[in-house]
Amino acid sequence: TMGMIKLDKGGIVIEIRVLNYFLCVAREENITKAAEKLHITQPTLSRQLAQLEEEMGVMLFTRGTRKISLTYEGSLLRRRAEEILELVHKAEKEVS
């Protein structure tokens, strides 16, 4: 897959892989389950999400004891992330 997307907000660079991680957690509503699906460790996934939140300067998730849910900003990013990944997928199909 293609590697990185540069967003205007202060020149943030987000890897496509991290957008996939974000969407998986948003869908699963559980970091452990998402990590299993993504075939990565839970601490690695947690670190990637924390880094994404730090880079964007907003909280994307509300962390509960058993469930993780999206904040308002997280739900906005989810919509855009889905669009971005769909475009990346289309581009990959067109050029390969």
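Not measured: the values here are computed from a predicted model.

S.K.: Give me the nonpolar core: which residues, what numbers.
M.R.: Grouped together as the largest cluster of nonpolar side chains are 24 residues, with contacts concentrated most on Phe22, Val25, Leu45, Leu52 and Phe61. Looking at this core, the elements with two or more residues in it are α1 (16-28), α2 (31-38), α3 (42-56) and α4 (72-95). In terms of residue count, the dominant contributor to this core is α1 (8 residues). Setting aside anything within four residues of it in sequence, one finds Leu45 in contact with Tyr21, Val25, Ile31, Ala34, Ala35, Leu38 and Ile40.

S.K.: Describe the pattern of salt bridges, naming the residues involved and giving the relevant values.
M.R.: The tally for this structure, following the rule as stated, stands at 7 salt bridges. Between Arg17 and Glu15 there is a salt bridge, with the nearest N and O atoms lying 2.8 Å from each other. Since its relative accessible area comes to 28%, Glu15 is described here as partly exposed. In this structure, Glu28 engages Lys37 in a salt bridge whose closest nitrogen and oxygen atoms are separated by 2.8 Å.

S.K.: Requested: an account of the side chain of Thr71, with residues and values cited.
M.R.: With respect to the secondary-structure elements, Thr71 resides in the loop between β4 (68-70) and α4. Sequence-distant contacts of Thr71, that is, excluding residues within four places in its chain, are made with Met59, Leu60, Phe61 and Thr62.

S.K.: Tell me about the packing of aromatic side chains, and name the residues and values.
M.R.: Scanning all chains against the criterion turns up 1 aromatic pair. For the ring pair Phe22 and Phe61, a centre distance of 5.4 Å and an interplane angle of 55° mean the geometry is tilted. Here Phe22, found in helix α1, pairs with Phe61, found in strand β3 (residues 61-63); they are 39 residues apart in sequence, far enough to count as distant. A relative accessible area of 3% places Phe61 in the buried class.

Procedures and definitions
Each residue is numbered by its place in its chain's sequence as written, counting from 1. Only residues with pLDDT of at least 70 get local features here, since the model is predicted, and only at 80 or more are side-chain atom pairs given and counted; chain-wide, interface and lining totals rely on the full set of residues. Side-chain figures throughout are based on the complete set of non-hydrogen atoms in the structure, without hydrogens or water. The term nonpolar core refers to a set of buried residues drawn from Ala, Val, Leu, Ile, Met, Phe, Trp, Tyr and Cys, joined through side-chain atoms within 4.5 Å. The buried label applies to any residue whose accessible area, calculated with a 1.4 Å probe on protein chains only, is under 20% of its type's maximum; exposed applies above 50%, and partly exposed to all values in between. Comment: elements are numbered from the N terminus, with helices defined as DSSP H or I runs of at least four residues and strands as E runs of at least two. When checking whether two residues touch, look at their non-hydrogen atoms; a contact exists if any pair is within 4.5 Å. Each salt bridge in this description consists of a side-chain nitrogen of Lys or Arg and a carboxyl oxygen of Asp or Glu lying within 4 Å of one another. Here a Phe, Tyr or Trp ring, Trp counted by its six-membered ring, pairs with any other such ring whose centre lies within 6.5 Å, and the pair is stacked when the planes are under 30 degrees apart, edge-to-face when over 60, and tilted otherwise.

By themselves, these figures tell us nothing about what the structure is for.
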